[in-house]
Structure formats: C-alpha cells, structure tokens
Amino acid sequence: QVQLVESGGGLVQTGGSLRLSCAASGRTFSTYGMAWFRQAPGKEREFVATISSGGEITLYEDSVKGRFTISRDNAKNTVYLQMNSLGPEDAAIYYCAADANGLVSSDLYSDARGYACWGRGTQVTVSS
C-alpha cells in the first residue's frame, strides 16, 4: 500500500478553478495507476478520472471531460487534478486512490471497490 494525502480544496465561485494535489509516500508510487473520486452529500462515491502509472493513459467521467485534467509527476510522487469551469454540481469531497492491479487498462477502472489505498479527502465547495 501507499499513503495518500490530498490538498488544494477550498471554496470557489461558479466558473472558477482549483488544482488538487495528492502526495504519495513510498518508492513504488510510479508503479501505481491513480484515480480521483468524489462524493457529494447524500450520494455515493463517483469516479472522476484515472491515469496510468506512466501517464500514457487518462480516462474521465463524461460530466468532467473538457473541464478537468488529471496528471502526475512521478519524480515528486504526486498526482494532480486541474478543475476548470466549476459548477455547483462539482461540489464534493474529492478522494485520491491508488491502483496496484492495472485497473486503468480494464473495464473496472471506474469502480471504487478496485482501489486498495485511499486518502482522507479534500473538500471542494462551489458557490452559486
């Protein structure tokens, strides 16, 4: 397992931007696919984006395509989520997750049950 710590959340107005960061411990970070999920009050955890261990493959939930960008810097053991054109529908706690089983190259990459390591989350609030 790898230890994950999210940061960068906060309060923004509709149309604004935020960049979330997820810092990971361990020298094996570069072997993990990484993903972002989010959970709004009263709703189940939702897939947002994933990136392969080397960054070659990125996949997004339809609702964030064209607005969000996932990236990683393996030299810094960090994965990022750049979020633009934010709306109230994006308000949630955002979680970083690590995948050691190659989910990004399977049909199960969007299933939270396939990720063994999770951060504690960072709150994103979007005002109307």
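Above this text you will find the structure in question.
Note that this is a predicted model, so its numbers are computed, not measured.

K.L.:
Explain the overall build of the protein to me, and be specific about the residues and the numbers.
P.N.:
Helices and strands together make up the secondary structure of the protein, namely 0 helices and 11 strands. Listed N to C, the secondary structure of the protein is β-β-β-β-β-β-β-β-β-β-β in terms of helices and strands. Here the protein has a C-alpha radius of gyration of 13 Å; the compact-globule value for 128 residues is 14 Å, and the two agree. For the protein, with 128 residues in total, the buried portion stands at 43%. The contacts in the protein between residues at least 6 apart in sequence include a share of 59% that link residues at least 24 apart. Of the roughly 6600 Å² that the protein leaves accessible, carbon and sulfur atoms contribute 46%. Taking the average location of the 11 positive side-chain charges in the protein and that of its 12 negative ones, the two points are 7 Å from each other.

K.L.:
Got a sec to walk through the layout of surface pockets? Specific residues and values, please.
P.N.:
Its boundaries defined by the atoms lining it, the largest pocket holds a volume of some 180 Å³. Arg38, Gln39, Ala40, Lys43, Glu44, Glu46, Pro88, Glu89, Asp90, Ala91 and Ala92 are the residues that line the largest pocket. Residue classes in the lining of the largest pocket are distributed as 4 nonpolar, 1 polar and 6 charged.

K.L.:
Describe the packing of aromatic side chains, listing the residues and the values that go with them.
P.N.:
A complete count under the given rule lists 5 aromatic pairs for this structure. Residues Phe37 and Phe47 carry aromatic rings whose centres are separated by 5.7 Å and whose planes lie at 75 degrees to one another, so their mutual orientation is edge-to-face. Within this pair, whereas Phe37 is found in strand S4 (residues 33-39), its partner Phe47 is found in strand S5 (residues 46-51), the two being separated by 10 residues in sequence. Taken individually, Phe37 and Phe47 each receive the classification buried, so the pair is uniform in this respect. Ring centres 5.3 Å apart and planes at 70 degrees place the aromatic pair Phe47 and Tyr109 in the edge-to-face group. Here Phe47, found in strand S5, pairs with Tyr109, found in the loop between strand S9 (92-99) and strand S10 (117-118); they are 62 residues apart in sequence, far enough to count as distant. These aromatic residues form a ring-pair network of at least three members: Phe37, Phe47, Tyr109, Tyr115 and Trp118. Its end group placed over the ring of Tyr95, Arg45 keeps NZ or CZ at 4.0 Å from the ring centre. One cation-aromatic arrangement involves Arg72 over Phe29; the distance from NZ or CZ to the ring centre is 4.5 Å.

K.L.:
Tell me about the pattern of salt bridges, and name the residues and values.
P.N.:
Taken as a whole and judged by the stated rule, the model has 5 salt bridges. Linking Lys65 and Asp62 is a salt bridge whose minimum nitrogen-to-oxygen distance equals 3.0 Å. Asp62 sits in the exposed class, given a relative accessible area of 59%. In this structure, a network of salt bridges that share partners links the residues Arg38, Glu46, Arg67 and Asp90.

K.L.:
How would you summarise the nonpolar core if you had to cite specific residues and measurements?
P.N.:
Core analysis: the biggest nonpolar cluster contains 30 residues, and Leu4, Met34, Trp36, Leu81, Met83 and Tyr94 have the highest contact counts within it. Discounting residues that sit within four places of it in the chain, Met83 has contacts with Gly16, Ser17, Leu18, Leu20, Arg67, Phe68, Tyr94 and Val124.

How each quantity is defined
- Residues numbered from 1 in each chain as written.
- Predicted model: local features only at pLDDT ≥ 70, side-chain atom pairs only at ≥ 80, totals over all residues.
- Heavy atoms only, no water.
- Helix = DSSP H or I, 4+ residues; strand = E, 2+ residues; numbered from the N terminus.
- Rg over C-alpha atoms; globule rule 2.2 N^0.38 Å.
- Buried < 20%, exposed > 50% of the residue type's maximum accessible area, 1.4 Å probe, protein only.
- Contact = heavy atoms within 4.5 Å.
- Areas by Shrake-Rupley, 256 points an atom, 1.4 Å probe, with all protein chains shown as cover.
- Lys, Arg positive; Asp, Glu negative; His and termini not counted.
- Charge placed at Lys NZ, Arg CZ, Asp CG, Glu CD.
- 1 Å grid on protein atoms, 1.4 Å probe; cavity = no way out; pocket = protein on both sides within 12 Å on 5 of 7 lines; lining within 4 Å.
- Points joined across faces, edges and corners; volume = space filled by probe spheres on them.
- Nonpolar A, V, L, I, M, F, W, Y, C, P; charged D, E, K, R; others polar.
- Phe/Tyr/Trp six-rings, centres within 6.5 Å; stacked < 30°, edge-to-face > 60°.
- Lys NZ or Arg CZ within 6 Å of the ring centre and 35° of its normal.
- Salt bridge = Lys/Arg side-chain N within 4 Å of Asp/Glu carboxyl O.
- Core = buried A, V, L, I, M, F, W, Y, C linked by side-chain atoms within 4.5 Å.

Structural measurements only, silent on function.
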